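Each chain is listed here by its residues.
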Amino acid sequence: MANLVEELNWDGDIKLPVSNAENKAIENQIHSKDKELVTITKQLEEHEDRIHAMRNHMNNVHQELEHTQGVLNARKHQSDTEKHLLQLAHREEGRLKQEIVKLQNEFSQLTEKKKVQEVNIKSESFRAVTQLLFS
């Protein structure tokens, strides 16, 4: 068998025995194309893995963006609510100030009426006492 291999000029790198140099060149091309196919297949798998990783990352970024947008919307709503409550508090403060002024005016009027009534009572008392004394 070794003699047969030597007779056919079978090189160890070649997978099949070849009959001439042209076939040997074709066999070498096939071998180099197989190596190239393996390299390209590896590159394709790496690219597909990278694409998959990028898609996962993109999905995560989209989810984070949606979450952040939700937080932003909630904070904006909270801020709007606080502004509205502040406006209501200012209105209530204004209304209470007006009520205080009104009550102070009423208090002043009642105090004045009280003084007038006290003066009237004193004068009527004085007149009644004077009439009793001089009558």
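What comes next concerns the included structure. No experiment lies behind these values; they were computed from the predicted model shown.

1. Comments concerning the overall build of the protein chain
- From N to C terminus, the protein chain includes 2 helices and 0 strands.
- Scored against the burial criterion, the 135 residues of the protein chain give a buried share of 2%.
- On the protein chain, roughly 12,700 Å² of surface is accessible, and the fraction owed to carbon and sulfur atoms is 59%.

2. Section: helix α2 (residues 21-134)
- Under the 1.5 Å per step criterion, the end-to-end length of α2 is 165 Å for 114 residues, consistent within 8% with the ideal 170 Å.
- Looking at where α2 begins, the residue whose side-chain oxygen comes 3.2 Å from the main-chain nitrogen of glutamate 22 is asparagine 20.

3. Brief notes about the pattern of salt bridges
- Summed over all chains, the structure comprises 6 salt bridges.
- Notably, a salt bridge pairs aspartate 80 with lysine 76, separated by 3.1 Å at the nearest N-O pair. Note that aspartate 80 and lysine 76 are positioned in helix α2 at a spacing of 4 residues, about one turn of the helix.
- Glutamate 93 is the partner of lysine 97 in a salt bridge, and the nearest nitrogen-oxygen pair spans 3.7 Å. Taken together, the residues lysine 97 and glutamate 93, both in helix α2 and 4 residues apart, mark about one turn of the helix.

4. Here we look at a negative patch on the surface
- Taken together, the side chains of Glu45, Glu46, Glu48 and Asp49 present a region of like negative charge at the surface.
- Within the secondary structure, glutamate 45 sits in helix α2.

5. Side note on a nonpolar patch on the surface
- Taken together, the side chains of Val129, Leu133 and Phe134 make up a nonpolar region of the molecular surface, amounting to roughly 370 Å² of accessible area.
- By the secondary structure assignment, valine 129 is in helix α2.
- The exposure class of valine 129 is partly exposed, given its relative accessible area of 46%.

Conventions we followed
Residues numbered from 1 in each chain as written. Predicted model: local features only at pLDDT ≥ 70, side-chain atom pairs only at ≥ 80, totals over all residues. Heavy atoms only, no water. Helix = DSSP H or I, 4+ residues; strand = E, 2+ residues; numbered from the N terminus. Buried < 20%, exposed > 50% of the residue type's maximum accessible area, 1.4 Å probe, protein only. Areas by Shrake-Rupley, 256 points an atom, 1.4 Å probe, with all protein chains shown as cover. Expected span 1.5 Å × (residues − 1). Polar contact = N/O pair within 3.5 Å; in protein donor to acceptor, adjacent residues only side chain to side chain. Salt bridge = Lys/Arg side-chain N within 4 Å of Asp/Glu carboxyl O. Patch = residues over 30% accessible without salt bridge, like charges linked within 9 Å, V, L, I, M, F, W, Y side chains within 5 Å. Lys, Arg positive; Asp, Glu negative; His and termini not counted. Charge placed at Lys NZ, Arg CZ, Asp CG, Glu CD.

So, to be careful, I would describe these as geometric facts and stop short of saying anything about function.
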